[in-house]
Amino acid sequence: LFLVSQQGFVLVCEAMGDAAGALVHARQAIEMAEAASGPTLSAAARALLGQAQLLHGQGHEAATAMEEALAIVRECRTGLATEGGMLAVLAQAYLVAGDAGRARETAEQAVATARRRHTPVQEITAQLALARVLLATDGAAAATAIDAALDAATALMEATDARLYAPPIHAERARLARLRGDAAT
């Protein structure tokens, strides 16, 4: 129950742009997971830490935490429903760390994994990661693919009523519009 509350706090901090707060809650989750010593809690706590580190702009550290979380999930076959979302965070961590090639490959893998696992909310996160990676690496040249990723994220958001994702989807659409020189959008 404590870990779930820490996940909620990290999500709220992320939505508010509070990187420092996200790190505090993620580190508390790590401490709790170490005390409990179970693979599910350990993977979830490491994923939270990676998410918080990404929010804090610590690309290399976030990538390490996400790689560790994914290794636990895959080895222990626990929490596989979150794999697509973890890959999405990992893709963005690679991007922040300066590895555009791995970022794109991992973002595409995140979308494919979320689809294969039939986890639509995880796919929203994956589609957003793909759009962000394409925006950062290819810019307006990838407008069609970015639009497709954002359209898919929007359709999934509406199908699942996961409205928490509306602001980031709109933000990425605005970034694309700016790259296109469309100030009205």
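Residues numbered from 1 in each chain as written. Predicted model: local features only at pLDDT ≥ 70, side-chain atom pairs only at ≥ 80, totals over all residues. Heavy atoms only, no water.

Draft legend 1. Region of the structure containing the overall build of the protein. A count of helical and extended segments in the protein gives nine helices and zero strands. Radius of gyration (C-alpha) of the protein: 16 Å, near the 16 Å computed for a compact globule of 185 residues. Along the three orthogonal principal directions, the C-alpha set of the protein runs to about 50 × 35 × 35 Å. Considering the protein as a whole, with its 185 residues, one finds that 46% of them fall into the buried category. (Helix = DSSP H or I, 4+ residues; strand = E, 2+ residues; numbered from the N terminus. Rg over C-alpha atoms; globule rule 2.2 N^0.38 Å. Buried < 20%, exposed > 50% of the residue type's maximum accessible area, 1.4 Å probe, protein only.)

Draft legend 2. A look at the packing of helix H2 (residues 19-36) against helix H3 (residues 39-55). In contact at an axis separation of 8 Å, H2 and H3 are set at 165° when each is read in the N-to-C sense. Judged by the inter-axis angle, H2 sits roughly antiparallel to H3. Taken as a pair, H2 and H3 cross one another with a handedness that is left-handed. Every residue of H3 that contacts H2 at Ala19, Ala22, Leu23, Ala26, Arg27, Ala29, Ile30, Met32, Ala33 and Ala36 is listed here: Leu41, Ser42, Ala45, Arg46, Leu48, Leu49, Ala52, Gln53 and Leu55. Class assignment of the residues belonging to the contact of H2 with H3 gives a composition of 15 nonpolar, two polar and two charged. (Axes fitted to C-alpha atoms, helices over the stretch in contact; angles between N-to-C directions. Parallel < 35°, antiparallel > 145°, perpendicular 65-115°, else oblique. Left-handed = near helix turned anticlockwise from the far one by under 90°. Contact = heavy atoms within 4.5 Å. Nonpolar A, V, L, I, M, F, W, Y, C, P; charged D, E, K, R; others polar.)

Draft legend 3. The arrangement of the packing of helix H5 (residues 83-96) against helix H6 (residues 100-116) in detail. Taken N-terminus to C-terminus, the directions of H5 and H6 make an angle of 170°; their axes are 8 Å apart at the nearest point. Considering the angle they form, H5 stands roughly antiparallel to H6. Taken together, the residues of H6 that come into contact with H5 (itself represented by Glu83, Gly84, Leu87, Ala88, Leu90, Ala91, Tyr94 and Leu95) are Arg102, Ala103, Thr106, Ala107, Gln109, Ala110, Thr113, Ala114 and Arg116. Considering only residue class, the contact of H5 with H6 consists of ten nonpolar, four polar and three charged.

Draft legend 4. Layout of helix H8 (residues 143-160). Over its 18 residues, H8 runs 25 Å from end to end, which matches the ideal 26 Å to within 8%, given 1.5 Å per residue. Residues of H8 that are buried: Ala143, Ile146, Ala149, Leu150, Ala152, Ala153, Thr154, Leu156 and Met157. Buried-residue contacts for H8 involve helix H7 (120-137) and helix H9 (166-180). One or two residues past the end of H8 sits Asp161, with phi positive at roughly 60°. (Expected span 1.5 Å × (residues − 1).)

Draft legend 5. Up close: the environment of Asp138. Relative to the assigned elements, Asp138 resides in the loop between H7 and H8. Linking Asp138 and Ala100, residues 38 residues apart in sequence, is a C-alpha distance of 9.9 Å. If near-sequence neighbours (up to four positions away) are discounted, Asp138 is found in contact with Arg104 and Val133. A distance of 2.6 Å separates the side chain of Asp138 from the side chain of Arg104, its partner in a polar contact. (Polar contact = N/O pair within 3.5 Å; in protein donor to acceptor, adjacent residues only side chain to side chain.)

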